[in-house]
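Summary of structural features
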Amino acid sequence: MTHNAPVTFTGVAIKYGATTVLSDFNLDIKAGEFVTLLGPSGSGKTTALNALAGFVDISAGDISIGNKSVSRLAPEERGIGMVFQSYSLFPHMNVFDNVAFPLKLRKYSRSEIRRRVEEALAKVRLADFALRMPKELSGGQRQRVAFARAVIFEPPVLLMDEPLSALDLKLREAMRLEIKRYHSESGCTIVFVTHDQSEALSLSDRIAVMGGGKILQIDTPKVIYDRPSSKFVADFIGQTNFLTSEFANCVSGPLKQDIDLGALRAGNLSIRPEHLRIGVPASDTDIVFDCEIDEVLFLGESTEFSLKSKTGQMLIAKYPAGTSDRVYRRGDKVHVSFRLNDAVSLSD
Ligand SMILES: Nc1ncnc2c1ncn2[C@@H]1O[C@H](COP(=O)(O)OP(=O)(O)OP(=O)(O)O)[C@@H](O)[C@H]1O
Ligand SMILES: [Mg+2]
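Overview of the site of ligand 1
Tyr16, Thr19, Val21, Gly39, Ser41, Gly42, Ser43, Gly44, Lys45, Thr46, Thr47 and His195 make up every residue found near ligand 1. Elements represented by at least two residues in the shell around ligand 1 include exactly strand E2 (19–29) and helix H1 (45–53). Here the residues of the shell around ligand 1 are counted per class, giving two nonpolar, nine polar and one charged.

Comments concerning unusual backbone geometry
With the exception of glycine, most residues fall at negative phi, and the peptide bonds are largely trans. Unusually for a residue other than glycine, Lys107 sits at a positive phi of about 60°. A residue is classified by how many C-beta atoms lie within 10 Å of it, and Lys107, with 7 of them, is exposed. Even without a glycine there, the phi angle at Glu162 is positive, about 45°. Mapping Glu162 onto the fold places it in the loop between strand E7 (157–161) and helix H5 (169–186). Given 19 C-beta atoms within 10 Å, Glu162 falls into the partly exposed group.

Some details on the domain arrangement of the chain
In terms of domains, the chain is made up of domain 1 (7–235) and domain 2 (240–345). Each partner contributes to the interface: domain 1 provides five residues, whereas domain 2 provides four residues. Of the residues belonging to the side of domain 1 that touches domain 2, the class tally is two nonpolar, no polar and three charged.

Thoughts on the packing of helix H2 (residues 95–105) against helix H4 (residues 139–151)
Axes are the key here: two packed helices are described by the angle between their axes and the distance separating the axes. Orientation of H2 relative to H4, taken along the N-to-C sense of each, is 25°, at an axis distance of 7 Å. In terms of orientation, H2 lies roughly parallel with respect to H4. Crossing of H2 against H4: the hand is right-handed. Along its contact with H2, which presents Val95, Asn98, Val99, Phe101 and Pro102, the element H4 presents Val145, Ala148 and Arg149. In terms of residue class, the contact of H2 with H4 is built from six nonpolar, one polar and one charged.

Quick look at the nonpolar core
In this structure, Leu52, Val99, Ala148, Leu159, Val191 and Ala208 are the most contacted members of the largest nonpolar core, which totals 66 residues. Setting aside chain neighbours within four positions, we find Leu159 in contact with Leu49, Leu52, Ala53, Ile80, Met82 and Val191.

So, H1
Within H1, seven of the nine residues are buried, leaving the element largely enclosed by the surrounding structure. Listed in full, the buried residues belonging to H1 are Lys45, Thr47, Ala48, Leu49, Ala51, Leu52 and Ala53. Count one or two residues on from H1 and you reach Gly54, which has phi positive near 95°.

Overview of the environment of Phe90
With respect to the helices, strands and loops of the structure, Phe90 is situated in the loop between strand E6 (80–83) and H2. Each C-alpha atom, one on Phe90 and one on Ala146, is 9.8 Å from the other, the two residues being 56 residues apart in sequence. The contacts of Phe90, once residues within four sequence positions are left out, are Asn98 and Phe101.

Brief notes about the pairing of E6
What you see with E6 is no split at all: Ile80 and Met82 on one side and Gly81 and Val83 on the other are buried throughout. Pairing of E6 with E7, which is carried by four bridges, proceeds in the parallel orientation. Considered in E7, the bridge of Met82 is made with Leu159.

Comments concerning the sheet that holds strand E11 (residues 241–243)
Taking strand neighbours across the sheet as the criterion, the three strands line up as E11-E12-E18 in an open arrangement whose pairing is antiparallel. Because the sheet does not close on itself, it has two edges, and the strands there are E11 and strand E18 (344–345). For strand E12 (residues 269–271) and E18, the ladder comprises two bridges, and the chain directions are antiparallel. Within the sheet, the bridge partner assigned to Ser270 lies in E18 and is Val344.

Some remarks on the environment of Gly140
Along the polypeptide, Gly140 turns up in helix H4. Each C-alpha atom, one on Gly140 and one on Asp168, is 8.3 Å from the other, the two residues being 28 residues apart in sequence. Once residues lying within four places of it in the same chain are set aside, the contact partners of Gly140 are Leu167 and Leu171.

Comments concerning the confidence of the model for the chain
Considering every residue of the chain, the mean pLDDT works out to 89; 92% of them sit at 70 or more. Ranking the elements of the chain by mean pLDDT puts helix H9 (residues 261–265) last, at 64, and strand E3 (residues 34–38) first, at 97.

Concerning the pairing of strand E17 (residues 333–339)
Sheet faces and side chains relate simply in a regular strand, where the side chains alternate between the two faces. Relative to E17, strand E13 (residues 277–278) runs antiparallel, the two sharing two bridges. Counterpart to Ile278 in the pairing with E17 is Val336. Note: strand E14 (residues 286–298) against E17, seven bridges, orientation antiparallel. Looking at the pairing, Asp286 lines up with Arg339 of E17.

Notes on the packing of H2 against helix H3 (residues 110–123)
Relative orientation of the contacting elements H2 and H3 amounts to 130°, with a least axis distance of 10 Å. On the basis of their axis angle, the class for H2 and H3 is oblique. Crossing angle aside, the handedness with which H2 passes H3 is right-handed. Between H2 and H3, the residues in contact are Phe96, Val99, Ala100, Leu103 and Lys104 and Ile113, Arg116, Val117, Ala120 and Leu121, respectively.

Definitions and limits used
- Residues numbered from 1 in each chain as written.
- Chains lettered and ligands numbered in written order.
- Predicted model: local features only at pLDDT ≥ 70, side-chain atom pairs only at ≥ 80, totals over all residues.
- Near = placed C-beta within 6 Å.
- Helix = DSSP H or I, 4+ residues; strand = E, 2+ residues; numbered from the N terminus.
- Nonpolar A, V, L, I, M, F, W, Y, C, P; charged D, E, K, R; others polar.
- Buried ≥ 20, exposed ≤ 12 C-beta atoms within 10 Å, placed from the backbone.
- Domains from an automatic or database assignment.
- Contact = placed C-beta atoms within 7 Å.
- Axes fitted to C-alpha atoms, helices over the stretch in contact; angles between N-to-C directions.
- Parallel < 35°, antiparallel > 145°, perpendicular 65-115°, else oblique.
- Left-handed = near helix turned anticlockwise from the far one by under 90°.
- Core = buried A, V, L, I, M, F, W, Y, C linked by C-beta atoms within 7 Å.
- Pairing = 2+ DSSP bridges.
- pLDDT = per-residue confidence, 0-100.

So, in structure tokens, the structure goes:
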């Protein structure tokens, strides 16, 4: 079943007193799309979400849901489901009544409410917790109640503001899968906010990377990761190495002349840790240079190497477990190589 709606921000500005937090903010989200706003603290993610939900007023532009302007509608008139970072359950209501609340508001019959709430609680594995009060639940359980309450009326648009950040790693990964599954099954439009890049990469159809109240790049996770448009984006999504200009002196491959020297001089040539190869015979399409192994970090599913080039630049290389037989130790002298195609020239 598809029950969803497109969302559009057109030239939206938001001010708190004299401070402008968002200006000329534009974002087009397709019906059924999962879009994540990703960015550092203070970049305006929550502000954008609150404007869509109707909790803050916009001072210019327009916001529409289902191609209808909602800028003048109260939050409850916008038909949006919401999950926030702090669980925001009603503390004086038990789990059943919390989840039932949106249905009571919409005047569903008692029997329909009972049926739907029981189904929703079973889905989030809290069927036996209907009569508990919020304070008698763990953080993960509360967040699952908040999720059930947000989706109980099958909203066409679901907003989530850092819904997983208060949970420990295992719960976070379990909830992440549940959110992905919910999106696949319900087909609803989801606007998700996080500053966790792995959540953004794993969940989204598209990621909007925000900085200083602006969208700096919006694209699929793969493009954002492989072809970031700026240093800011490359640095924010995953680890990366920015090659310094001295590095040009220690490159010995035949392709030295093909390196973007302009980008290199500006320190704007970036190569991801997983694209650096250690001790592998290089082909003539590779850039090769000498390094010393500075540290080896065993991470379980991968091993991370801290490398020091001849000119003293520190680089990070990463190998998934099982892809290299050779054991390296601190102090080993190694050839390091990468394919020119894997390096990305970036603007500031
Ligand atoms: N009610 C408010 N009054 C004044 N300034 C505010 C208010 N709410 C947010 N701001 C400011 O607006 C900017 C954007 O805040 P916002 O909460 O949208 O950031 P965020 O990207 O969600 O950050 P975080 O990751 O920390 O949640 C910040 O500089 C913040 O200080
Ligand atoms: Mg926020």
